[in-house]
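So the chains spell out like this:
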Amino acid sequence: MSAEKPVGQTHDAGFQMGVRKTVPGNTQDIWDFLFSEEGLGIWLGEIDPDELVIRKEFSLSNDVTGKITVFEPYSHLRMSWKKKGWINTTRLQIRVIGSGEERTVISFHQEMLTGPEQREQMKAYWENTLSSIKSAIQETQ
């Protein structure tokens, strides 16, 4: 008899987690907000949007480092993402998905997490981040 895998454990990418939230607005407007200085400040950290260049490493004042590996405007991006003090670098994917005329789903998916504890930590982190994004979007409408 084999033991059950813990929640979020993958066959080859460590642990993963995903969170999503539907926000008011069309996909293009939501994407533009996410990559504005205000939006980036919420989900990534303080960085000039022009500094986000594919395959260029960046380091932020909030002790996060990363590198964008895939950037598909108005669809998704994939990047490496690591907090200071971590032994591992994770892979973070962000998607915007249209959900009707004036609604968009924002999705954060992170993999290559070390275990259940890091998975739960990042799940709570991205859920809080999505709530902050939704509040900021609603304030601008």
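See the structure above.
So, here is what we can say about the structure in this document. It should be emphasised that the depicted structure is a prediction, and the values quoted were computed from it without experimental measurement.

1. Remarks on the overall build of the chain
Part 1: Tallying secondary structure elements over the chain gives 3 helices and 6 strands in all.
Part 2: Starting at the N terminus, the α and β elements of the chain follow one another as β-α-α-β-β-β-β-β-α.
Part 3: Compactness check: the chain gives a C-alpha radius of gyration of 15 Å against a globular reference of 14 Å for 141 residues, within 12% of the reference.
Part 4: Taken along the three principal axes of its C-alpha coordinates, the chain extends 55 × 35 × 25 Å.
Part 5: In the chain, buried positions account for 39% of the 141 residues.
Part 6: Of the accessible surface of the chain, which amounts to about 8,100 Å², a share of 45% is contributed by carbon and sulfur atoms.
Part 7: If the 16 positive side-chain charges of the chain are averaged to one point and the 20 negative ones to another, these points end up 8 Å apart.

2. Concerning a nonpolar patch on the surface
Part 1: Taken together, the side chains of Val-53, Ile-54 and Phe-71 define a hydrophobic patch exposed on the protein surface, amounting to about 220 Å² of accessible area.
Part 2: Structurally, Val-53 can be placed in the loop between helix H2 (37-43) and strand E2 (57-59).
Part 3: With relative accessibility at 37%, the residue Val-53 sits in the partly exposed group.

3. Quick look at helix H1 (residues 27-34)
Part 1: Buried within H1 are the following residues: Thr-27, Ile-30, Trp-31, Phe-33 and Leu-34. Looking down the long axis of H1, one finds its buried residues gathered within 160° of arc, a one-sided arrangement.
Part 2: Between the side-chain oxygen at the start of H1 and the backbone nitrogen of Gln-28 there is a gap of 3.1 Å, and the oxygen is on Asn-26.

4. With respect to the packing of aromatic side chains
Part 1: Enumeration according to the criterion identifies 11 aromatic pairs in this entry.
Part 2: Ring centres of Trp-81 and Tyr-125 lie 6.0 Å apart, and the angle between their planes is 50°; this geometry places the pair in the tilted category. Of this pair, Trp-81 sits in strand E4 (residues 76-83) while Tyr-125 sits in helix H3 (residues 116-140), and the two are 44 residues apart along the sequence.
Part 3: Given the relative accessible area of 1%, Trp-81 is considered buried.

5. Notes on a negative patch on the surface
Part 1: Residues Asp-29, Asp-32, Glu-101 and Glu-102 make up a contiguous surface patch of negative charge.
Part 2: Along the chain, Asp-29 turns up in helix H1.

6. As for unusual backbone geometry
Glycine aside, the phi torsion of most residues is negative, and most peptide linkages are trans.
Part 1: The phi angle at Arg-55 is positive, at roughly 65°, despite the residue not being glycine.
Part 2: Structurally, Arg-55 can be placed in the loop between H2 and E2.
Part 3: For Arg-55, a relative accessible area of 60% puts it in the exposed group.
Part 4: Of note, Met-112 is a non-glycine position whose phi angle comes to about 70°, a positive value.
Part 5: For Met-112, the position within the fold is in strand E6 (residues 103-113).

7. Some thoughts on the sheet that holds E4
Part 1: If you trace the 6 strands from one edge of the open sheet to the other, you get E1-E6-E5-E4-E3-E2, paired in antiparallel fashion. Looking at strand neighbours, the two that pair on one side only are strand E1 (15-24) and E2, the edges of this open sheet. Across the sheet, the mean angle separating the axes of adjacent strands is 25° when strand polarity is ignored.
Part 2: Pairing geometry for E2 and strand E3 (residues 64-72), over 3 bridges, is antiparallel. Bridge pairing links Phe-58 to Gly-66 in E3.
Part 3: Each of E1, E3, E4, strand E5 (90-98) and E6 is contacted by H1, which is oriented at about 145° to E5, the strand it contacts most.

Cut-off values and rules
- Residues numbered from 1 in each chain as written.
- Predicted model: local features only at pLDDT ≥ 70, side-chain atom pairs only at ≥ 80, totals over all residues.
- Heavy atoms only, no water.
- Helix = DSSP H or I, 4+ residues; strand = E, 2+ residues; numbered from the N terminus.
- Rg over C-alpha atoms; globule rule 2.2 N^0.38 Å.
- Buried < 20%, exposed > 50% of the residue type's maximum accessible area, 1.4 Å probe, protein only.
- Areas by Shrake-Rupley, 256 points an atom, 1.4 Å probe, with all protein chains shown as cover.
- Lys, Arg positive; Asp, Glu negative; His and termini not counted.
- Charge placed at Lys NZ, Arg CZ, Asp CG, Glu CD.
- Patch = residues over 30% accessible without salt bridge, like charges linked within 9 Å, V, L, I, M, F, W, Y side chains within 5 Å.
- Salt bridge = Lys/Arg side-chain N within 4 Å of Asp/Glu carboxyl O.
- Arc of directions from axis to C-beta.
- Polar contact = N/O pair within 3.5 Å; in protein donor to acceptor, adjacent residues only side chain to side chain.
- Phe/Tyr/Trp six-rings, centres within 6.5 Å; stacked < 30°, edge-to-face > 60°.
- Pairing = 2+ DSSP bridges.
- Axes fitted to C-alpha atoms, helices over the stretch in contact; angles between N-to-C directions.
- Contact = heavy atoms within 4.5 Å.

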